[in-house]
Amino acid sequence: NLHIHLRPLRAALYAHLDINSTIEEEFPVLMNGICVWDKTNVLPNDSYIDLLESPLKAVEEFRNILPQKPMHVSNEDWWKHEFALRSIIAEICCSYSGSTFLGTLQPLLDNMKKPVKIDKREKKSGRDRKERQVSHYRAWRRLQRTEETNMEKRERYMILFPDLLE
């Protein structure tokens, strides 16, 4: 999950925003074919604050995490990975600079290679992978179901977050 790899950049944003406490972040991660939730407390840290000012440098820095396309990854999936990296960096950096998301993202996409045409073998395996992901999501959703009615869920929510109600 790219959000996990970009934690240092978000920690710099937290430091810029003068947040003085830990922030709990939670993201889904696929481990051995099973979705688990990575939950971590992040301390604000200004080590990467210079990258918040230069999204292009941030892309280059964080591309080093996985600099080359692994053999088992299709060209289409690698392009999606590259796009997602740039999108998340743009989201974090525009929060720092106050610019718009699209205004920050566009220069990051200018130097991005166009996806290579996908051959039929990759397309088929991509479809199979998508079907597995959907069935995995459905299984996860079944685990999230409770016997609570919507009214009971609403009442529980109102107890947990009374300050959000007006």
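Residues numbered from 1 in each chain as written. Predicted model: local features only at pLDDT ≥ 70, side-chain atom pairs only at ≥ 80, totals over all residues. Heavy atoms only, no water.

**Here's the deal with the packing of helix α4 (residues 55-63) against helix α6 (residues 101-110)**
Contact geometry of α4 with α6 gives a least axis separation of 9 Å together with a crossing angle of 55°. Between α4 and α6, the interaxial angle falls into the category oblique. For α4 against α6, the interelement crossing comes out right-handed. Residues P55, L56 and V59 of α4 pack against T104, P107 and L108 of α6. For the contact of α4 with α6, the residue count by class is 5 nonpolar, 1 polar and no charged. (Axes fitted to C-alpha atoms, helices over the stretch in contact; angles between N-to-C directions. Helix = DSSP H or I, 4+ residues; strand = E, 2+ residues; numbered from the N terminus. Parallel < 35°, antiparallel > 145°, perpendicular 65-115°, else oblique. Left-handed = near helix turned anticlockwise from the far one by under 90°. Contact = heavy atoms within 4.5 Å. Nonpolar A, V, L, I, M, F, W, Y, C, P; charged D, E, K, R; others polar.)

**Points about the pairing of strand β1 (residues 23-31)**
A regular strand places its side chains on the two faces of the sheet in alternate fashion. The pairing of β1 with strand β2 (residues 34-42) spans 9 bridges and is classified as antiparallel. Looking at the pairing, V29 lines up with V36 of β2. If you look at the hairpin formed by β1 and β2, you'll find 2 residues sitting between the two strands, and N32 has a positive phi there, around 55°. (Pairing = 2+ DSSP bridges.)

**Some words on unusual backbone geometry**
For D18, which is not glycine, the phi dihedral falls at a positive 60°. In this structure, D18 sits in the loop between α2 (7-16) and β1. Residue D18 is classed as exposed on the basis of its relative accessible area, which comes to 61%. (Buried < 20%, exposed > 50% of the residue type's maximum accessible area, 1.4 Å probe, protein only.)

**Some thoughts on the pattern of salt bridges**
Within the structure shown, the criterion is met by 7 salt bridges. Here K39 ties to E24 by a salt bridge, and the two come within 4.0 Å at their closest N and O atoms. With K39 in strand β2 and E24 in strand β1, this residue pair connects regions lying 15 residues apart in the sequence. This pair shows no difference in class: K39 is exposed, exactly as E24 is. Connected through shared salt-bridge partners, R7, R10, E25 and D38 make up one network. (Salt bridge = Lys/Arg side-chain N within 4 Å of Asp/Glu carboxyl O.)

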